[in-house]
Structure formats: structure tokens, C-alpha cells
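As a plain string of letters, each chain reads:
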Amino acid sequence: MPGNQLSQAFVRTGMLDAKQPPAGETGLILWIRKNLLSSWLNIILTVLVAYAALRLALGLWPWFSNSVWQASSLADCRTILAEQGLGPTDGACFAVVTDRWHQLIFGFYPTDLYWRPILAMILFLGGIAPILFFSLPRSLLIFSCLAPFVCFWLLWGGTAWLPLLIVAGLAGGYALTRFVGAVISPTLTGLVTLALLIGFFWFGLMPLVGLMEAGLSLSIRPVASREFGGFMLAATIGLSAIVLSLPLGVLLALARQSDLPLIKWSAIIFIEVVRGVPLIVWLFTAQLLLNYFLPPGTSFDLTLRVIIMVTLFAAAYIAEVIRGGLVALPKGQHEGAVSLGLSYWQSRRLIILPQALKISIPGIVNEFIGLFKDTTLVVFIGLLDPIGVTRAIRATPEWNGVYWELFIFVGLLFYVVCYAMARYSLHLENLLRRDNY
Amino acid sequence: MLAAQALKRVFMSTIEPSRKRGFRLGQLVYDTRYRSKSIQVIAAIVILVSFWWLGSNIVGNLAALGKDFNLAFLGAPAGYDINQTLIPYDNRMSHGRAAVVGILNTLLVSFLGCIAATVIGILVGVLRLSDNWVINRLAAVYVEAFRSIPLLLWIVSIFAILSEAMPQPRDFRGDDATASMQLFDSVAVTARGVYVPRVAFTNSLSGNEAVIPRENLAAVASGSADWAIIVATIAVGLVVSLGIKAFVDRKQIMTGQRPVTWYWLAAVLILPVLVALYVLGATVVQPYLKGFNFTDGIFIRKSLFALWLALSLYTGAFIAEIVRGGIQSVGKGQREAAAALGLQSNRIMQLVILPQALRVIIPPLISNYLSLAKNSSLALAVGYMDVRATLGGITINQTGRELEGMLLLGLFYLFLSLLISGIINLYNRSKQLKER
């Protein structure tokens, strides 16, 4: 009887095992469906773009795979290609890089002294590590303060008394403000110390260096700035400007936010004038005009002039980034600091700047990337940056006519450095992000 | 330590209440009423002294060189040629005229670069948000490559590609030509530059002058009266179409119905332009080979083309990031709320996302235009005759007026950048969120 059958209850006692999802809904296939073929438009785009990219890659591949790595000149290189039955443009000639890599990296720095820039680079990286990574012990920051002076000495050589006495002067000034300033007025001590330091560096430094050097010679072989070149020159200019422009930028940003109209307007005019004019015009100014601004008869190193110009240029940009951070800080932070009875510099040092700098780190790193790329512009005033070295190499009879291999090598060098900086900035952004919308 | 104590006693005495003792010197440092003034006076003295020092150095150095500060050189004959002139110029004209030619060349490459960079930037920025893996990866590679490699390297590379890998005009000749023109024989990419078609007017208002072939960009401007008419027609069409939109909006508010207006808009915007083009006898003139070179059409010099392309691709990468950031900056809740109201996805974009994203996008976009204009001074790498090459280059070399020349050059760039940042400020003020 049908009724009977219907009345028979069926109750499942156990759960069914979960089934595998259909083949099209997992793993690679799902990924392809979702990311490549989600709609007709996407299918067409994927096919077209993949075809174009593949054709480009396949077109360029033989050029790379046939490349010659060992040859002494372009003609030599083409002979080797011809022996394999290839035309002169069928294969790259990366032999130029293996032959001239030392010039691309070090310019005309003395060959037997390559260890000095390398050591300086390692020291610099070691010095900057505690600043970049907050997990390292804070006591390493002393090393960060000293590293630039050691690097300076290693790169340019000469007597070690110069950096030593500069460090001694700065340390003395610090001790004075720290210990005497705690007893007497900090403002007054600060001003007096500043005056003393300026006096010491202006008048006393060079005679004292000479005196100490006569007593105990701490010299290593000096290297002139004009022997710097290639990637090392870019790094020297870029990193010096980075290190020097950050404190200057902080001061400029604070000045621009100042309540004192004169200070504020001086900062605004400086920042806007510097930012309004391209770097290349400033570099020409350094080359053509700086002698007009200095007392008659003085002339100093072009590389040093460039470093000063690039530093001032970068400081104006960094000041604007930090100003953004200062503006973004809630007003309550300023008011809280004032209500605790902190002085201007105390509140800046303990409350305002740590927070403002934290907000502006990604922007600062971006400015640094821009600054590092802009160091290539020094080629226009006759310094041999990496692009300038490629010209110099092309000007030799052996490598006349080599473009792409050199450009690829220089491009890769910059890419690696700038990409590393960009990744670091991204890492910081993720570290400091607060998700609230 | 004893000395420090004594010093302390001396200084501490100065902050005791000064009511009965009158004004004391220490108040200049410690009293907030006077401190800001004394700091500013010191700053003013420092600034004035350093300016006086710089000024006296300049005067002394100029005197030592037997020079003076004089802008009269701007009126003297320049005596050099410029290979791309947007206004009539020859080497008997003044240095001032040469500077203006250079300024116009700077503005030309900046303007073209801004347009191309915006198009590239918006396209790539949107593609980077695409859910198609191949496309967003490729967009990311483009952005990373151009942001991490110096602009100068891109400029010299693109210039080298044009000069080394592109065919010479003679390769287009004869039956065994090794090169051919692109896009239906209308565009020739050669190692000297790019030749593109131009529009000429057979019934030109400026007579037949407009169809005379010229090997220069000035050829475009030859029918300037005709172009003025076409621009005016478009402008009138735009004004009328805005009027139509206002009328339709009013009608929609009053009746709830929105009339269909696309054929009105077409009639107002497109038809008059077509009529004007027909009446003026607009024809497309293609470049063609004559002798060993192309003639007619517009000749875009290799230097201009390489500089323009590199600037656009480079700035485009930065704009792409701005566009992406702007779109991502609009909270997810905004999109969801709009969808919950029943809006379609294109309306969500148009009414909710874009107005908020543009507030974030436009200010950095304009400042990127500014940096493009300043970066155009890298024209030096390819020999493009911009203002730095004329006023800040050859003129300085010929007259020996470094101080005046660099000053004028700096003032030009400063004026340009203040103008652009003024525009940003105006925009920010008009779009600022109205808060308490």
C-alpha cells in the first residue's frame, strides 16, 4: 500500500562524508577561472595580452641567450657571434659589462683601493640598520652616528684627524648642552655651544688637524673627488644627501610651522624657491654661480658643491613631507604636551616629532628614492655618474656602439636599490597601518 | 661644579619677579612676552648679515671679473638657430625672442606629456585593480620599472632606440625598401623623427598658404584662423549642451521624468563641427617621400618625440599609483551602501566612488604635472631646444651672463610652479570637506 510506504519514516543516523569539490572549483583550475577567464572580456584580454607579452619575450630571448660574455672589444664580440653563424645584432654583448664592470661601479677610483668604498658601504649599511629596523637594540644607534665619519674617511682618505676632531667637537658640544644645560638654562647653553662649535669649526679645526697630524700621522692615501665615478658616485652623493637632508628637513618643517612670522616666512620662501626650480638648474647654479657667492679666491670641490646642492634640494622636499605628518597630528597632542609643562624643544623631541616622523616615513622613503634616481643628473655638469660612465665607455675605440647592454646593467643596478627601498617603505606602511574607516 | 653653581645663581636671579626691579636683560630669554621677539631679532640679524655677505661677495666677484648686472643682453641679436620654433624666429632676432621660443618649446613638451601621462596613468591605474592576473601583473611591472629606474636613463634609452633601431628615411625608398610606413601609410617612424599626417584646409581663411608644405611644426599653425573657427564652434557647442543639461535637470526635478537628449547633444556638439570642417575644405595631408626625406605632414623631431615619450611613460607610472590609491581610498562601506541603495555599478562609480576618489587624486595629479614640467629640463640629454637650452644654455655661453641668465631661468620655473600650486590650493579650497 502506498500510504504505508509513505508513512515509513526514513531518518539518517550518520552524516554523509563531505564530497570533494568539483574539479573546476579548486586549485589551479579555480585560480585560472577566477583570475584569467572570469568573463568574455577578460578571456579576450588575457589571450591578447599574453600573446603580446609572449611574442615580446620570444623576440628578445635569442638576443639574451646568444649573448657573449667574454670578449675584449665589440669587434671581437661580433667575430665570436659570426663564428656561431650569427649576425652582429643577433646576440647581446654583455662582455662589455664583464670587461668594464669596475668602471661602472667605481669610476676611476684607484684599483688597489676598491676595498675602501666596499668597506664604507658595509659600514654604512651596518650603521643604518638600527634606524631601519626597530627590533634591533637602541644602543647600536651610537654606531649609526659614527659610521658616516668613518665612511667619509675611507672614501676620500687623507688624515683621520679631521673626522676624529669633528666627532670630538660635536661630542663636546653635546656633553656641554647635556650636563651644563641641565644646571643652567638650556636655551642659553644651547646658543653658547652653537657659537663655540661654529667658532671651532670655522677657525680652529684645520690648524688643529695640521698640528695633530704633525704629532701623530693617521693618514691613508687620499683620493680626489674627480676619481669618483659610476655607481659609487651616485651612492656617495645620494647617501650623503639622504643623511644630511633629513635633519635639515625636520628643522625646515618645524620652522614652517613656527609661530614666529620671520622664521616661518623664511622657511616658506626657502622651501618654495627650492622646490619651484628643477634640480638640473640648481646643479648648473652650483657649477656656474657658486663662485660668485663665495669670497673671491675660494674654490672648492665640485662633488662637494653637488652634495650641498642636492642636500638643500632634498631637504626642501622632505620638509614638505614632514610638514604633512605634523599637520596630520591631532591638535590634542600639542595641547597635551604644553599642559605637561614641556618646553618647545622638549615637546617636539618627546611628543610631536616621534609621531609625525612615523606618519611621514613612507613619504620620506619615496623622496629618498627620487633623490637617488636624481643623482644621475650630475652627468650634465661633468661628473661621471653611471650614465656618464656608459658614455665614457662608448667613447673608447673598443666599445664604440654599445648601448643596450650598458643601459640594462645600469638600469638593473638602480632598479635593485630603488625597489629595495620601495619594499622597505611598503613594509613600514604595513607595520604602522591602523585600519579604521 | 662650583663654577656651575655660581653661574646658576647669577642666571636664576634673573627670573625672580621683576616687578620691583624693572626690566632686566634676562627677560629677553626667559619671558615669553619678549622671547619670541628677541629670537626673531637675532634671526633677522643673521639673515641680513648673510645676505649682506653674499651680496658683497657677488659685487666683489663681478668687479674682479669686470662684469656688471645688466639685462640689456636680452635685446641683443641672438645669432644662433633653433631647430624647432612655434613662433617665427631667425638668428637675427634677440636673445629675449630666443628665450620665448625656448619657453614655448618647454610648454609644448610639458603639455603633450601631461595629456599622454594622464591617459596612460588612468588606464594603468585601473588595470592594476583589474581582477585579471595577467593584466594587473603587467601593469605592476610597468609601474615598478618606471618608478625605480631614473628618468634620464629612460630618455637616453628611448632616444638610442629611435636613432639606432629605426630606419633612415632613405630606407623607405624604391622597390626594395627595407622599411614601410605604419597605419595605412600615414605615419613614418624614422631615425630622424616621426612624420604624421596633418589637417589642411583647401578653402582656408588664410588663403592657400595653409597647404604649402613646411618641414616644421609651424605648419600646423599656418591655418590658425581656420583652427580658431573650429575651436569656437566646439566651445559654443559645449556651452549650449550645458544649457540643455541644466534644462533637463530642471525638468527632471519638476516632473520626475528625464527627457532623452542624446540626439540633441549630437546635433549641437558634432554637427556644427562637421559642417565647419566641410565648409573650410578640411583634408588630411599625408607625409610622403620626396628625394631623400619625407615632406609635408607634421614632422615631430626625434628629440621631441623621445623626450615626450619618456616623460609620459615615466610620469604615467606615478599617476597610475595615484589613481589606484585614490580609488582604493574610498571605503568599502561606501560601495556597499551604494549597492544597498540599489544603484547599478556604473552609477556607483559615477556618483559615489569617483567624486570621493577625485578629491584624493587631483592634488597629487597636478603636482605630478608640475614635476613633469620641471623634468622637461632633461631635454638637455637629447638636445631638445627648451628654455634651459636657449636662455640657460647658448645665450649664457654667448653673452657670459651666467648670473642674469640663471636668475631669469629660475624665475620662469618658479613662476610656473607657483602658478600650478596656486591652482592646487584653489581646488583644495573648493573641494574641502565642509567640517565644523
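Predicted model, so just to flag it, every value in this text is computed and none were measured.

Peer 1: What's the story with the overall build of chain A in this structure? I'm lost.
Peer 2: Helix and strand counts for chain A stand at 17 helices and 2 strands. Against the globule reference of 22 Å for 437 residues, chain A gives a C-alpha radius of gyration of 31 Å, more extended than a compact globule. Once the C-alpha set of chain A is aligned to its principal axes, its extents read approximately 120 × 80 × 40 Å. With 437 residues in all, chain A has 30% of them scored as buried. Within chain A, residue pairs in contact and separated by at least 24 positions form 70% of the contacts whose partners lie at least 6 positions apart.

Peer 1: Explanation requested: the overall build of chain B in the structure shown.
Peer 2: A count of helical and extended segments in chain B gives 15 helices and 7 strands. Counting only residues that meet the buried cut, chain B has 30% of its 436 residues in that class. Here the analysis covers contacts within chain B between residues at least 6 apart in sequence; of these, 62% occur between residues at least 24 apart.

Peer 1: Honestly, the domain arrangement of chain A in this entry has me stumped. Any pointers?
Peer 2: It is common to give the size of an interface as the accessible area that goes away when the parts come together. Split into domains, chain A comes out as domain 1 (23-97), domain 2 (99-109 + 224-432) and domain 3 (159-220). Here domain 2 of chain A and domain 3 of chain A have C-alpha centroids that lie 27 Å from each other.

Peer 1: I tried to follow the pairing of strand β2 (residues 193-196) of chain B on my own but got confused; where do I start?
Peer 2: Regular strands show a simple pattern: their side chains alternate between the two faces of the sheet. Residues and elements named next belong to chain B. In terms of strand pairing, strand β1 (residues 188-189) meets β2 through 2 bridges, oriented antiparallel. Each bridged residue has a counterpart across the sheet, and for Ala-188 the counterpart in β2 is Tyr-195. Between β1 and the antiparallel strand that follows it, β2, lie 3 residues. The pairing of β2 with strand β7 (residues 298-301) spans 4 bridges and is antiparallel. Bridge assignment links Gly-193 to a residue of β7, and that residue is Arg-301.

Peer 1: Just checking my understanding: could you explain the interface of chain A and chain B for this structure?
Peer 2: Taken residue by residue, the interface counts 52 residues in chain A and 51 residues in chain B. Of all the elements in the fold, those that place two or more residues in the side of chain A that touches chain B are α3 (40-65), α8 (161-183), α9 (186-215), α11 (261-276), α12 (279-293) and α17 (404-432) of chain A. Top contributing element to the side of chain A that touches chain B by residue count: α12(A), with 9 residues. Classifying every residue of the side of chain A that touches chain B gives 37 nonpolar, 12 polar and 3 charged.

Peer 1: Before we go on, may I ask you to explain the nonpolar core in this structure?
Peer 2: Core analysis: the biggest nonpolar cluster contains 154 residues, and A:Cys93, A:Leu283, B:Ile155, B:Ala306, B:Leu307 and B:Ala310 have the highest contact counts within it. Top element by residues in this core is helix α11 (residues 302-329) of chain B. It accounts for 17 residues. A:Leu154, A:Leu155, A:Trp156 and A:Ala160 belong to the second-largest nonpolar core, a separate cluster that totals 10 residues.

Peer 1: Hey, could you run me through helix α15 (residues 344-374) of chain A in this one?
Peer 2: Side chains that are three or four residues apart share a direction in an α-helix, a result of its 3.6 residues per turn. All names here are of chain A. Over its 31 residues, α15 extends only 36 Å from the first C-alpha to the last, a length that falls short of the 45 Å expected when each residue adds 1.5 Å. Residue Ile-361 marks the point of greatest curvature in α15, where the axis turns by about 55°; the proline Pro-362 follows within four residues. Next to the buried residues of α15 lie α10 (230-256), α12, α13 (302-328), α14 (331-339) and α17.

Peer 1: I tried to follow α8(A) on my own but got confused; where do I start?
Peer 2: In this model, α8(A) (23 residues) spans 32 Å end to end at C-alpha, consistent with the 33 Å of a helix rising 1.5 Å per residue. Among the residues of α8(A), A:Trp161, A:Leu162 and A:Pro163 are the ones counted as buried.

Peer 1: How should I be thinking about the environment of B:Val239 in this particular structure?
Peer 2: All names here are of chain B. Looking at where Val-239 falls in the secondary structure, it is placed in helix α8 (residues 224-255). A tally of 10 C-beta atoms within 10 Å means that Val-239 is categorised as exposed. Considered as a pair, Val-239 and Ala-63 are 176 residues apart in the sequence and their alpha carbons are 60 Å apart.

Peer 1: Explanation requested: the environment of A:Thr285 in the structure shown.
Peer 2: Note on placement: A:Thr285 falls in helix α12. Note on A:Thr285: 22 C-beta atoms within 10 Å, which makes it buried.

Peer 1: What is the right way to read the confidence of the model for chain B from this model?
Peer 2: Caution applies to low-pLDDT regions: their predicted coordinates should not be interpreted in detail. Residues and elements named next belong to chain B. Of all residues in chain B, 87% have pLDDT values of 70 or greater, and the mean over the chain is 82. Low pLDDT (under 50) marks residues 210-221, which in the prediction has 23 contacts with non-local residues, meaning those over four places away or in another chain. Here the complex is predicted with pTM 0.84, and the ipTM for its interfaces comes to 0.84.

Peer 1: What is the right way to read the packing of helix α4 (residues 95-128) of chain B against helix α5 (residues 133-148) of chain B from this model?
Peer 2: Packed helix pairs are characterised by how far apart their axes lie and by the angle those axes make with each other. Residues and elements named next belong to chain B. Across the interface, α4 lies against α5 with an axial gap of 8 Å and an inter-helix angle of 130°. When the axis of α4 is compared with that of α5, the two are oblique. In terms of crossing hand, the pair formed by α4 and α5 is left-handed. Where α4 approaches α5, its residues Val-124, Leu-127 and Arg-128 are matched on the opposing element by Ile-135, Asn-136, Ala-139, Ala-140, Tyr-142 and Val-143. Across the contact of α4 with α5, the residue classes break down as 7 nonpolar, 1 polar and 1 charged.

Peer 1: What should I look at first to understand the sheet that holds β2(B) in this one?
Peer 2: In sheet architecture, strand pairing relies on hydrogen bonds along the backbone and comes in two forms, parallel and antiparallel. Residue and element names in this part refer to chain B. An order of β1-β2-β7 is seen for the 3 strands of this open sheet, with the pairing classed as antiparallel. Two strands in the sheet have a free side with no partner beyond their single neighbour: β1 and β7. Relative to β7, α11 is tilted by about 65°, and along the sheet it contacts β2 and β7.

Procedures and definitions
- Every chain is numbered independently, its residues counted from 1 as its sequence is written.
- Whichever chain is written first is A, and whichever ligand is written first is 1; the rest continue in order.
- Totals for whole chains, interfaces and linings use every residue, but because this is a predicted model, local features are given only for residues with pLDDT of at least 70 and side-chain atom pairs only at 80 or more, for both listing and counting.
- The helix and strand labels rest on DSSP assignments: H or I over at least four residues marks a helix, E over at least two residues marks a strand, and numbering proceeds from the N terminus.
- For the radius of gyration, the atoms used are the C-alpha atoms, and the globule rule reads 2.2 Å times the number of residues raised to 0.38.
- Residues with at least 20 other C-beta atoms within 10 Å of their own are called buried, those with 12 or fewer are called exposed, and the rest are partly exposed. The C-beta atoms themselves are positioned from the backbone.
- With C-beta atoms placed from the backbone, a contact is any residue pair whose C-beta atoms sit within 7 Å.
- How far each domain reaches was decided by an automatic or database domain assignment.
- Two strands qualify as a pair provided DSSP detects at least 2 bridges between them.
- When residue character is reported, Ala, Val, Leu, Ile, Met, Phe, Trp, Tyr, Cys and Pro are called nonpolar, Asp, Glu, Lys and Arg charged, and the others, Gly included, polar.
- Take the buried Ala, Val, Leu, Ile, Met, Phe, Trp, Tyr and Cys residues, join any whose C-beta atoms are within 7 Å, and the set you get is a nonpolar core.
- In this analysis, the expected span of each helix is defined as 1.5 Å times one less than the number of residues it contains.
- Here the bend at a residue means the angle between the axes of two seven-residue stretches, the one that ends at it and the one that starts at it.
- One confidence number per residue, pLDDT, is output by the predictor and ranges from 0 to 100.
- Lines fitted to C-alpha atoms define the axes, with helix axes restricted to the stretch in contact, and inter-axis angles between N-to-C directions lie between 0 and 180 degrees.
- Here is the rule for angles: anything less than 35 degrees is roughly parallel, anything more than 145 is roughly antiparallel, 65 through 115 is roughly perpendicular, and the remaining ranges are oblique.
- Crossing handedness is defined as follows: a turn of the near helix away from the far one that is anticlockwise and smaller than a right angle gives a left-handed crossing, while the clockwise case is right-handed.

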